[in-house]
Amino acid sequence: MTLGLPRRAGVLPSPAPAEGATGTADMDGGTDAALIGESLTTPDRFAGLFDRHADEIHRYAARRLDDVTTADDVTAETFLVAFRKRARYDLGRADARPWLYGIASNLISGHRRSETRRLKAIARQAPERATEFEDRSAERVAADRLRPALAAALAGLGSAERDLLLLVAWADLSYEEAAQALGIPIGTVRSRLSRTRTKIRRSLESHDER
């Protein structure tokens with residue numbers, strides 16, 4: 001999936017080349033942290049982060065919001081916010097994905113009502129019999145299409161629970177990465193996911209009994 005946008009069109013500023021620069025910098029080398037660090041003195045380097053991760057962030061936003069145009073906006077704003085806050089980034093973290101997903105999740109929260117309406121609309125579709133719920137089924141939400149029963153279960157979650165669950169299930173973040181993305185302790189990730197699994201299990205069992 002591509003955004004259909006030039007690298008910086010509406011996403012990144014187009015600063016004047018750094019003194020001594022001879023052209024577009026190579027965006028392929030180094031870790032995410034290296035690109036962010038280099039961008040502090042050569043802002044063009046930050047475009048490499050967009051090239052690496054924009055499609056992934058866009059897929060996540062589009063899946064949650066079911067609206068490509070809004071996903072475009074969320075993706076663009078994610079990298080704008082990241083660019084503005086790049087000086088605060090912990091350069092000891094080589095992979096910037098958790099940071100970017102955390103920013104995207106905050107922006108998606110501004111569309112919470114739209115997301116909930118979509119889930120409830122799916123939940124009203126013809127019911128299907130729920131498959132047997134296993135302990136880690138909640139983290140494998142991405143493996144199946146969103147069934148009405150599961151959509152209803154997701155709609156019934158609190159915003160913090162849904163954000164965490166979908167970062168693990170749809171963004172494929174580890175527990176540690178999800179903790180980084182949301183700025184919470186990893187112990188909170190484990191306990192919150194445990195409660196979320198219980199809620200989803202009960203919701204699916206209730207749906208199956210109807």
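Asker: Got a minute to help me understand the overall build of the protein chain in this structure?
Answerer: Per the secondary structure count, the protein chain includes 9 helices and 0 strands. Along its sequence from the N terminus, the protein chain presents helices and strands in the succession α-α-α-α-α-α-α-α-α. A total of 210 residues make up the protein chain; the buried ones form 45% of that total. Sequence separation of 24 or more characterises 69% of the internal contacts of the protein chain that already satisfy a separation of 6 or more.

Asker: Would you mind showing me how to read the environment of Gln 125 here?
Answerer: Residue position: Gln 125 is located in the loop between α5 (112-123) and α6 (148-155). Relative accessible area serves as the criterion here: at 44%, Gln 125 is assigned to the partly exposed category. Between the C-alpha atoms of Gln 125 and Arg 147, which are 22 residues apart in sequence, the distance is 8.8 Å.

Asker: What am I meant to see in helix α2 (residues 47-65) here?
Answerer: Think of an α-helix as turning once every 3.6 residues; residues three or four places apart then point the same way. The end-to-end C-alpha distance of α2, which contains 19 residues, comes to 25 Å, matching closely the 27 Å that a straight helix rising 1.5 Å per residue would cover. For α2, the principal kink sits at His 53 and spans about 50°. Just beyond α2, the residue with positive phi is Asp 66, at close to 55°.

Thresholds, definitions, all that
Residues numbered from 1 in each chain as written. Predicted model: local features only at pLDDT ≥ 70, side-chain atom pairs only at ≥ 80, totals over all residues. Heavy atoms only, no water. Helix = DSSP H or I, 4+ residues; strand = E, 2+ residues; numbered from the N terminus. Buried < 20%, exposed > 50% of the residue type's maximum accessible area, 1.4 Å probe, protein only. Contact = heavy atoms within 4.5 Å. Expected span 1.5 Å × (residues − 1). Bend = angle between axes of the 7 residues up to and from the residue.

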